[in-house]
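# Structure at a glance
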Amino acid sequence: MGDNGDLKEAGNGSLDAAQTQPEIDFENHQLGTTVKLSDGTEGRIFSRGARNKDGHLTYTCHLCMVVNLPGERVMLTHIAGRKHQNRLSHPVIDADTFRKISAPKTNKIQMHIAPGEPVPPGMENEVKPVAELQATIDRFREGPMVGLEYVMELTSPSLREPSYHCVLCDKKGDPRTIIVHITSYIHRSKFLEKHYPTAINELAQWRGQKGCKDVIARVIQTVCEAIEDHHGRMTPNVHEVSDYNRNKTKYLQEVLFEKHFDERTGPKFVEVIDKKALQEQLLGPGEAPIVGERG
């Protein structure tokens, strides 16, 4: 197989005879697939790049914003993955988000924009405003705060204080009630169900059982503490309320596609769950485990 200089692009978008048959077969089946975009157009899910140092053609998945996938085997594994299949299930994809990966990348300027401070003209897409809630989050040390990236702080000059929307749980609140929600059993459970299913599944036989909730809540808090100790905390997103209401689908997709602490990219934290001690707390020493439905 020749190096990149030996490979010439043919008029039909495929490479010449230097391509292997598996590469040709893969591209014939996959490179033409498209998704419907929010601006009424269709976008090709995949594009092809150069060969890497190992001789594999590299591909980009614009749907998942993943670049440099090497070779057709890795691509097929990616396509079969839960993340890709989940995004394929959306009937319409936000056009701006889809095309972000196609735009030339520039070094993003890191700026700290305090609450109420205007963003410099032309820098609106280069900085992430700091939420007014951030000061409260920074002071809070009574327990872990996971899933903060799912919290939308909604501001308006006409509002005395921001309102909040946790899109993970579809819970709305004010600066006081949203803190209660973020540290609640429900929010932590939903975060673990989405990003740490292996850990939460360790508790499946006890969740929903009468009298078990307080003990399970403490275990879930312990897992979330381990996640926070390892990764730190994310930050809320800030939007002007009328803009958020007009473009909610876009912002929800951006949250879905952005970085999250997740067992697929780091530890699973199963080891912090002491199932023997948990069983003794719930049932007493030597008792058989409860088999029940997950709550």
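Here we summarise the structure given alongside this text.

Reading the values: rules and limits
Counting restarts for each chain: residues are numbered from 1 in the order of the written sequence. Under the rules for a predicted model, residues below a pLDDT of 70 receive no local features and side-chain atom pairs below 80 are neither given nor counted, while totals for whole chains, interfaces and linings still include all residues. Hydrogens and waters are ignored; side-chain quantities use all the structure's heavy atoms. Cysteine sulfur atoms that pair up within 2.5 Å are treated as a disulfide. Centres within 6.5 Å are what make two rings of Phe, Tyr or Trp a pair, Trp counting through its six-membered ring; a difference in plane orientation under 30 degrees is then read as stacked, over 60 as edge-to-face, and the rest as tilted. Each helix is a run of H or I in the DSSP string that is no shorter than four residues. Each strand is a run of E no shorter than two, and both are numbered from the N terminus. With a 1.4 Å probe rolled over the protein chains alone, any residue whose accessible area is under 20% of its type maximum counts as buried; one over 50% counts as exposed, and the rest are partly exposed. When DSSP locates at least two bridges between a pair of strands, those strands are taken to pair. Every axis corresponds to a line fitted to the C-alpha atoms, with the helix fit spanning only the stretch in contact, and the corresponding angles, defined between N-to-C directions, vary from 0 to 180 degrees. Pairs of residues are marked as contacts when any of their non-hydrogen atoms sit within 4.5 Å. A 1.4 Å probe that fits but cannot get out identifies a cavity on a 1 Å grid over protein atoms alone, an open set with protein on both sides within 12 Å along at least five of seven lines counts as a pocket, and a residue lines either if it has an atom within 4 Å of a point. Grid points are joined across faces, edges and corners, and a volume is the space filled by probe spheres set on the points. For this classification, Asp, Glu, Lys and Arg are treated as charged, while Ala, Val, Leu, Ile, Met, Phe, Trp, Tyr, Cys and Pro are nonpolar and the rest, including Gly, are polar.

### A closer look at the state of the cysteines
Enumeration over the complete set of coordinates arrives at zero disulfides. The cysteine C61 is free of any disulfide, with C64 supplying the nearest cysteine sulfur at 3.7 Å.

### Quick word on the packing of aromatic side chains
If you walk through the whole model with that rule in mind, you get four aromatic pairs. Pairing F26 with Y59 gives two aromatic rings, centres 5.3 Å apart and planes at 70°, and the pair type is edge-to-face. Placement of F26 in helix α1 (residues 21-30) and of Y59 in strand β4 (residues 57-61) is noted, with a sequence separation of 33 residues between them. Across the pair, exposure class does not vary: F26 and Y59 are buried alike. Here F191 and Y196 contribute two aromatic rings whose centre-to-centre distance is 6.0 Å and whose plane-to-plane angle is 45°, an arrangement assigned as tilted. The same class applies to F191 and to Y196, which are both buried. One aromatic cluster is present, built from ring pairs that chain together F191, Y196 and F269.

### What about the sheet that holds β4?
In spatial order, the strands read β3-β4-β5; together these three strands make up an open sheet with antiparallel pairing. Only two strands of the sheet have a single neighbouring strand rather than two, namely β3 (46-51) and β5 (66-70). Across the sheet, the axes of successive neighbouring strands diverge by a mean angle of 30°, strand direction being ignored. Relative to the sheet, α1 contacts β3 and β4, its axis offset from that of β4 by approximately 20°. Together, β3, β4 and β5 form the strand contacts of helix α2 (residues 71-80), whose direction differs from that of β5 by roughly 130°.

### Digging into the layout of surface pockets
Estimates place the volume of the second largest pocket at around 560 Å³. In terms of lining residues, the second largest pocket is bounded by 19 residues, among which K83, R87, H260, D262 and R264 are the most central. Counting only elements with at least two residues in the lining of the second largest pocket, the list comes to α3 (82-88), α7 (185-195) and α11 (248-257).

### With respect to the pairing of β3
Here β3 runs beside β4; their pairing, made up of four bridges, is antiparallel. Residue pairing for β4: S47 is matched across the bridge by T60. Where β3 folds back onto β4 in an antiparallel hairpin, the turn is made up of five residues, including G55, whose phi is positive at roughly 90°.

### A short note on empty space enclosed by the protein
Tallied over the full model, the rule gives one cavity of 30 Å³ or more. The calculated volume of the largest cavity comes to roughly 40 Å³. Lining the largest cavity are M145, V146, G147, E149, I227, E228, G232, R233, M234 and F261. Classifying every residue of the lining of the largest cavity by side-chain character gives five nonpolar, two polar and three charged.

### Observations concerning unusual backbone geometry
Positive phi is not limited to glycine here, since D170 has a value of about 55°. Tracing the backbone through its elements, the reader meets D170 in the loop between β7 (163-166) and β8 (171-173). Judged by relative accessible area, which is 57%, D170 ranks as exposed. One non-glycine residue, F269, lies in the positive phi region at around 65°. Residue position: F269 is located in the loop between α11 and α12 (275-283).

### Structural notes on the sheet that holds β7
Within the open sheet, the four strands sit side by side as β8-β7-β6-β9. Their pairing is mixed. Two strands bound the open sheet, and with one partner strand each, they are β8 and β9 (237-240). Pairs of neighbouring strands in the sheet enclose a mean axial angle of 25°, with direction left out of account. Bridge count between strand β6 (residues 151-155) and β9: four bridges; the pairing is parallel.

In short, geometric facts, not functional conclusions.
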